[in-house]
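Working through the structure, step by step
Residues per chain are reported as follows:
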Amino acid sequence: MNQHHIQVTVSANNFKNNISHIRDRVTPSQVCVVMKANAYGHGLKALAPTAVAAGADYIGICTNPEATIIRELGLDVKLLRLRMALPEELQESIQSLNIEEQIGTIEAALYLSQAGVRRGKNIPVHINIDTGMGRSGFFCNQIEELKKVCSLPGIDIVGVMTHFASADGKDLAFTHRQIEDFYKARQILQNYVDYHVLNHTHNSAATVRISNENNRLVRVGAACYGVRTSQDFENHPELKPVMSVKTRIAQVRIVPKGKTIGYGSLFTTQRDSVIASLPVGFGEGYPRSLFNKGIVLIKGHRCPVIGRVSLNITTVDITDIPEPVQWGDEVVLVGTQGKEEITFEELADKFASVHTEINLMAGFMNQVNYV
Ligand SMILES: *Cc1c(COP(=O)(O)O)cnc(C)c1O
């Protein structure tokens, strides 16, 4: 069945080129393509083969069902879990999914160690060091605990990692402090872990902005989807957006001055206006909070969203478009039309959220076409 009212399009080719660009930038470092949350809403199952073809050494996931998708596809790629696991998740992972787990507590380390000993086969793990993200991991000064982890049987330490809290921010001072603390802890561990253990710290923003020469792996999500998380991405025009979202005009109407529009009657026309109704709303993942803030493209012009975004209807003011506009005409919610572009980052900025949230909603709530 064709879906007429919204077209969410994902370019596997742009995804592939973005990964290749990152690979070229960080080589000889390995690349973990982060595909958690259904590949940030772009579709894990559809894109995982592309990631591997583009040279991903690792795919970053969070849940066991995500890992299962990769394993069922039979892809020759390592899996890295990007958060702490539940005991049940570990059990399944050890039995059949072969996910490289991160450990941030002695408790989790012992669990994996004992499982490895029982199986007679070492389990690969990554030590997570908390240098400032504050969500998980060993603190840099927990040296005794870290040494203990290194001495446990049944596990192979294959990586030591940390995660940046604000590598996309204006000021990189905090990130540099995180890097310093990471290498201090890493230096102390030098005598306890194998020399070819992978250090990894860099997410997308860091990969674009800060040298990775001391690391042998980067973990990149946003950049692979062409999302620009900081100004410095301007220096990487090779990174192209992967998802676009379009709809069409369901109705054009002339609305006289002084009428209110939408739930709550929060918008009043200040002039005789031409208003287009779009057949999408937050039921299609277009954020409700774009009320009086969103922008769409029609005939290559930026048109403001007016009034509340409803569940399945959004109203836009098209009074200022000089060309005739008709029922059924194309509307770009995210993407390019003529000379104009609306990005997920721009929309996210408008309601103090993050691009991924909109990517996710669009990808989860609609049928996705891959080109
Ligand atoms: C999600 C995640 C990443 C990827 O972050 P991007 O900013 O999308 O590149 C990297 N590392 C960890 C631990 C993550 O959870």
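Residues numbered from 1 in each chain as written. Predicted model: local features only at pLDDT ≥ 70, side-chain atom pairs only at ≥ 80, totals over all residues. Heavy atoms only, no water.

A few words on the site of the ligand. Surveying the vicinity of the ligand reveals the residues Val 34, Lys 36, Tyr 40, Leu 82, His 163, Asn 203, Ser 204, Arg 219, Val 220, Gly 221 and Ala 222. The side chain of Tyr 40 places a nitrogen or oxygen atom 2.6 Å from an oxygen atom of the ligand. Side-chain polar atom of Arg 219 to a nitrogen atom of the ligand: 2.8 Å apart, as the coordinates give it. The fraction of the free accessible surface of the ligand (390 Å²) that becomes covered by protein chains is 88%. When residues of the shell around the ligand are traced back to their parent elements, those giving at least two are helix H2 (36-40) and strand S10 (217-220). Of the residues belonging to the shell around the ligand, the class tally is five nonpolar, four polar and two charged. (Near = heavy atom within 4 Å. Polar contact = N/O pair within 3.5 Å; in protein donor to acceptor, adjacent residues only side chain to side chain. Areas by Shrake-Rupley, 256 points an atom, 1.4 Å probe, with all protein chains shown as cover. Helix = DSSP H or I, 4+ residues; strand = E, 2+ residues; numbered from the N terminus. Nonpolar A, V, L, I, M, F, W, Y, C, P; charged D, E, K, R; others polar.)

Now for the nonpolar core. In this structure, Phe 15, Val 33, Met 35, Val 245, Val 296, Ile 298 and Leu 333 are the most contacted members of the largest nonpolar core, which totals 78 residues. The leading source of residues in this core is helix H1 (residues 12-26), at five residues. Mapping this core onto the domain boundaries places at least three of its residues in each of domain 1 (12-225) and domain 2 (243-342). Apart from the residues within four sequence positions on either side, Val 296 is in contact with Leu 278, Tyr 286, His 301, Arg 302, Cys 303, Val 305, Val 316, Val 331, Val 332, Leu 333 and Ile 342. Within the second largest apolar cluster, 25 residues are counted, among which are Ile 127, Cys 140, Val 160 and Leu 189. (Core = buried A, V, L, I, M, F, W, Y, C linked by side-chain atoms within 4.5 Å. Buried < 20%, exposed > 50% of the residue type's maximum accessible area, 1.4 Å probe, protein only. Domains from an automatic or database assignment. Contact = heavy atoms within 4.5 Å.)

This next bit is on the pairing of strand S8 (residues 155-161). In terms of burial, S8 is largely enclosed, as five of its seven residues are buried. Bridge count for strand S6 (residues 123-130) against S8 is six bridges, and the pairing is parallel. Across the sheet, Ile 127 pairs through a bridge with Val 160, a residue of S8. Sheet analysis places S8 next to strand S9 (residues 198-200), joined by three bridges and oriented parallel. Residue pairing for S9: Met 161 is matched across the bridge by His 200. A crossover connection joins S8 to the parallel S9 through helix H8 (residues 173-189); in handedness this β-α-β unit is right-handed. (Pairing = 2+ DSSP bridges. Right-handed = clockwise from strand over helix to strand, strands pointing away.)

Let us now look at the domain arrangement of the protein chain. Often, the extent of an interface is quoted as the loss of accessible area upon association of its parts. Splitting the protein chain by domain gives domain 1 (12-225) and domain 2 (243-342). Computed from C-alpha atoms alone, the centre-to-centre distance between domain 1 and domain 2 is 42 Å.

Helical geometry note: an α-helix holds 3.6 residues per turn, so side chains three or four residues apart project in the same direction. Helix length check: H1 (15 residues) gives 21 Å between terminal C-alpha atoms against 21 Å at 1.5 Å per residue, within 8%. Next to the buried residues of H1 lie strand S1 (6-10), strand S2 (30-34), helix H3 (44-53), helix H9 (204-209) and S10. (Expected span 1.5 Å × (residues − 1).)

It is worth spelling out the packing of aromatic side chains at this point. Tallied over the full model, the rule gives three aromatic pairs. Measuring from centroid to centroid gives 5.3 Å for Phe 15 and Tyr 225, while their planes differ by 20 degrees, and the two rings are stacked. Of the two residues, Phe 15 sits in helix H1 while Tyr 225 sits in the loop between S10 and strand S11 (243-248), which places them 210 residues apart along the sequence. The rings of Phe 15, Tyr 40 and Tyr 225 are connected pair by pair, giving a single aromatic cluster. (Phe/Tyr/Trp six-rings, centres within 6.5 Å; stacked < 30°, edge-to-face > 60°.)

We now examine the pairing of strand S17 (residues 301-306). Pairing of strand S16 (residues 295-298) with S17 involves four bridges; the strand directions are antiparallel. Paired with Ile 298 across the strands is His 301, a residue of S17. Pairing analysis gives two bridges linking S17 to strand S18 (residues 314-317), with the strands arranged antiparallel. Bridging from a neighbouring strand, Val 305 pairs with Val 316 of S18.

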